[in-house]
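Secondary and tertiary structure notes
Here is what each chain is made of, one letter per residue.
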Amino acid sequence: MRRRHVLTLAAAGAVGAGCSAGDPPRRPAASPAPPAGLVFPNGFAWGASTSAYQVEGGATEDGRGPSVWDVFSHQQGRTEDGGTGDVAADHYHRSYEDLDLMRGLGLKSYRFSISWSRVLPTGRGTVNAKGLDFYHRLVDGLLARDITPVATLFHWDTPQALQESGGWASRDCAKWFADYATVVCYSLGDKVQTWLTLNEPKTVVEVGYTAGIHAPGVRDRRVANVVGHHLLLGHGLAVQAFRATGRKGRIGAALNLSPAYPADDSDAARRQATIADGEENRRWLDPVLLGRYPDDWLATQPSDAPVRAAIHDGDLAVIGSKSDLLGVQYYNPTYVTAKGGRVQKHPTSQATWQEIYPQGLHDLLTRIKRDYGDIPLTITENGMPSLQPVDDQDRITFLRDHLTAAHQAIRDGVRLEGYHVWSLLDNFEWAEGYSQRWGIIHVDYTTQQRRRKASADWYQQVIARNGI
Ligand code: FCB
């Protein structure tokens, strides 16, 4: 029902706000020429995103060790239709074809993640040269096609061996992560100039350790907050490890953020929105960019909460180690009622957690500038799943509306350097298995044949014009 609603709105061009670039003039004869469109700054990094476990497959090949997602997805009932990443989009074997598809689109930037357990099968110790070679070939292929590699070190696939030693609930995991960062950043650092440490630590905390519907399937809010702190510590230590390699380049985190609005104009709803903003945004942004936890967020943690003991002296200075950039991932706003409940006010998509509100992206980007200064930003994920397999007009509307909002933020002075659509390819969407298609390129999972969708054709034109 909800899904049909969103498609109807999208078809009528009503999804989202502020998409006026293509409106026809009311009196064609007398009015000025129609707007020429929105041009982005020179060098804007038009990109697309994927992550290792979602696209690679080759799960047991060339010495790769298992990650928490291999184990989790093979457990009964964890994913839709029992889907796993064993084969996924078979990108491990088809990377050259995929590189050519990227070149065909004219991509300037490709954001991918490195599978920790492909490089270090048990998470630490001996390096698996064949695993590292895969990423060297991928990066060489990108550079040969003039596409900038943007490498994420951790996109949720903790090596299973480390999980068995406590995983992110253990403080040691932050150190293991930094050691892995040293290996990868040193090895690839003569070719990769842009690094992202963590992808969406909030999702690991909320979905992996609180709701328990992502790996490792834990349901414990108290442990989850400890995990959140250790992830942030891992981020800080990885930034320091990268600097210590002496490699040139930039590093930062990729955070999923959600502007929080009161659901009505009562004072109580406003207060609740501030609390939600702490949970959704400041709890991640403040440590990474300011080297402190927000007082109001800390106040929500009872004095006996294990996270308090997990925060050691000096941790926040490590976490706040200077970042060179911030990856911003935007899928939905948050609306909060006077009682602190969450409500949706805009259409959703097939992913019912999503809420389509392009103006929220503008609000988010301008807010980061206002509260955290001029750190370079790049949108590392934004997109929607479509039920239209190839003629995905709803996705085109979505992308146009969000790019319009991003452009407005640039006009308002935000230092936005790039945009990466989620995703390049249809892929394994975690607990949703293969039931949601987020790619601008269609993947037939029986034949592994790729086919460009209408949104890919549209995006190619956007890139060629450097605007919409
Ligand atoms: C983000 C994840 C990404 C993908 C999209 C739809 O939260 O980072 O891997 O699942 O959502």
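The structure reproduced in this document is the subject of the present report. (Residues numbered from 1 in each chain as written. Predicted model: local features only at pLDDT ≥ 70, side-chain atom pairs only at ≥ 80, totals over all residues. Heavy atoms only, no water.)

1. Describing the overall build of the chain
Heads up, the condition is: We count a stretch as a helix when DSSP gives it H or I for four or more residues in a row; a strand needs E for two or more, and each element gets its number in order from the N terminus. Each radius of gyration reported is based on C-alpha atoms, and the globular scaling rule is 2.2 Å times the count of residues to the power 0.38. Exposure categories follow from relative accessible area, calculated using a 1.4 Å probe and restricted to protein chains: below 20% of the type maximum is buried, above 50% is exposed, and the middle band is partly exposed. Residue contacts follow a heavy-atom distance rule, with two residues in contact if any of their heavy atoms lie within 4.5 Å.
Along the backbone of the chain there are 17 helices and 13 strands. Here the C-alpha radius of gyration of the chain, 21 Å, is about what a compact globule of 468 residues would show, namely 23 Å. Judged by the C-alpha coordinates and their principal axes, the chain covers about 70 × 55 × 45 Å. Counting across all 468 residues of the chain, residues that qualify as buried make up 58%. Contacts spanning at least 24 positions in sequence make up 76% of the contacts within the chain whose residues lie at least 6 apart.

2. Structural notes on the packing of helix H9 (residues 201-208) against helix H10 (residues 221-245)
Quick note on the threshold: Axis lines are fitted through C-alpha atoms, for helices just across the contact stretch, and the angle between N-to-C directions can take any value from 0 to 180 degrees. Here the angle decides the label: under 35 degrees means roughly parallel, over 145 means roughly antiparallel, 65 to 115 means roughly perpendicular, and every other value means oblique. Handedness of a crossing follows from how the near helix is turned relative to the far one, being left-handed for an anticlockwise turn of less than a right angle and right-handed for a clockwise one.
Packing of H9 against H10 brings their axes to within 9 Å, and their N-to-C directions diverge by 165°. One way to sum up the angle between H9 and H10 is to call them roughly antiparallel. Remark: the crossing between H9 and H10 carries right-handed chirality. In contact with Pro201, Val204, Val205 and Glu206 of H9, H10 contributes Arg221, Ala224, Asn225, Val227, Gly228 and Leu231.

3. Quick notes on the state of the cysteines
Rule in force here: Any two cysteine sulfur atoms lying within 2.5 Å of each other are counted as a disulfide.
Under the criterion given, the structure shown has zero disulfides. Just so you know, cysteine 185 is unpaired, no disulfide at all, and the nearest cysteine sulfur is the one on cysteine 173, 16 Å from it. You can call cysteine 185 buried: its relative accessible area is 0%.

4. Points about the pairing of strand S5 (residues 250-256)
Put simply, the rule reads: We call two strands paired when DSSP finds no fewer than two bridges between them.
In terms of burial, S5 is a largely internal element, six of the seven residues being buried. Sheet analysis places strand S4 (residues 194-199) next to S5, joined by four bridges and oriented parallel. Paired with tryptophan 195 across the strands is isoleucine 251, a residue of S5. In terms of strand pairing, S5 meets strand S7 (residues 326-329) through three bridges, oriented parallel. Looking at the pairing, asparagine 256 lines up with glutamine 329 of S7.

5. Quick notes on the sheet that holds strand S2 (residues 109-113)
Read once around its circumference, the closed barrel built from eight strands follows the order S1-S2-S3-S4-S5-S7-S10-S11, with strand pairing classed as parallel. Strand-to-strand twist across the sheet, computed as the mean angle between neighbouring axes with direction ignored, equals 25°. Helix H8 (residues 172-188) rests against strand S3 (148-154) and S4 of the sheet, and its axis sits at about 160° to S3.

6. So, the packing of helix H16 (residues 393-411) against helix H17 (residues 454-465)
In contact at an axis separation of 8 Å, H16 and H17 are set at 30° when each is read in the N-to-C sense. When the axes of H16 and H17 are compared, the pair comes out roughly parallel. In this structure, the crossing between H16 and H17 has a hand that is right-handed. For the pair H16 and H17, contact is made by Gln393, Arg395, Ile396, Leu399, Arg400 and Leu403 and by Ala454, Ser455, Trp458 and Val462, respectively.

7. Quick notes on the sheet that holds strand S9 (residues 342-343)
Where strands meet in a sheet, backbone hydrogen bonds hold them as pairs that are either parallel or antiparallel. In space, the three strands of this open sheet follow the order S6-S8-S9, with mixed pairing throughout. Either end of the sheet is taken by a strand with one partner, and the two such strands are strand S6 (260-262) and S9. Sheet analysis places strand S8 (residues 334-336) next to S9, joined by two bridges and oriented antiparallel. The partner of valine 336 across the bridge, within S9, is arginine 342.

8. Considering the pairing of strand S1 (residues 45-49)
Burial of S1 is extensive: four of the five residues sit out of reach of the surface. With five bridges joining them, S1 and strand S11 (residues 416-422) adopt parallel strand pairing. Bridge assignment links alanine 45 to a residue of S11, and that residue is glycine 418. Pairing geometry for S1 and S2, over three bridges, is parallel. Bridge pairing links serine 49 to arginine 111 in S2.

9. A look at the pattern of salt bridges
Worth spelling out the cut-off: We count a salt bridge whenever a side-chain nitrogen from Lys or Arg sits within 4 Å of a carboxyl oxygen from Asp or Glu.
Here the structure, examined in full by the defined rule, presents 29 salt bridges. Note that glutamate 280 and lysine 202 form a salt bridge whose closest N and O atoms lie 2.7 Å from each other. With glutamate 280 in helix H11 (residues 267-290) and lysine 202 in helix H9, the pair connects residues that are 78 residues apart, well separated along the chain. Of the residues examined, lysine 202 reaches a relative accessible area of 4% and is grouped as buried. Close ionic contact of arginine 370 with aspartate 371 constitutes a salt bridge, the shortest N to O distance being 3.0 Å. Residues participating in the shared-partner salt-bridge network are Asp277, Arg282, Asp296, Arg367, Arg370 and Asp371.

10. Observations concerning the site of the ligand
Heads up, the condition is: Nearness is judged by heavy atoms alone; a residue qualifies as near a molecule or strand once a single heavy atom is within 4 Å of it. Nitrogen and oxygen atoms within 3.5 Å of one another constitute a polar contact, given that in protein one can donate a hydrogen and the other can accept it, and given that sequence-neighbouring residues count only through two side-chain atoms. Here, Shrake-Rupley sampling with a 1.4 Å probe gives the accessible areas, and only protein chains in the shown set may cover a residue. Here the nonpolar group is Ala, Val, Leu, Ile, Met, Phe, Trp, Tyr, Cys and Pro; Asp, Glu, Lys and Arg are the charged ones; every other residue, Gly included, is treated as polar.
All residues in the neighbourhood of the ligand are listed as Gln54, His155, Trp156, Asn199, Glu200, Gln329, Tyr331, Glu381, Trp422, Glu429, Trp430 and Trp438. Here an oxygen atom of the ligand sits 2.6 Å away from a polar atom, N or O, in the side chain of glutamate 200. Out of a free accessible area of 300 Å², the ligand has 96% covered by protein chains. Taken together, the residues of the shell around the ligand break down into five nonpolar, four polar and three charged.

11. Notes on H17
Note the cut-off: To estimate the expected span of a helix, subtract one from its residue number and multiply by 1.5 Å.
Under the 1.5 Å per step criterion, the end-to-end length of H17 is 17 Å for twelve residues, consistent within 8% with the ideal 16 Å. Residues Ala454, Ser455, Ala456, Trp458, Tyr459, Val462 and Ile463 constitute the buried set of H17. For H17, the secondary structure elements touched by its buried residues are S1, helix H4 (91-105), H16, S11 and strand S13 (449-452). Just beyond H17, the residue with positive phi is asparagine 466, at close to 55°.

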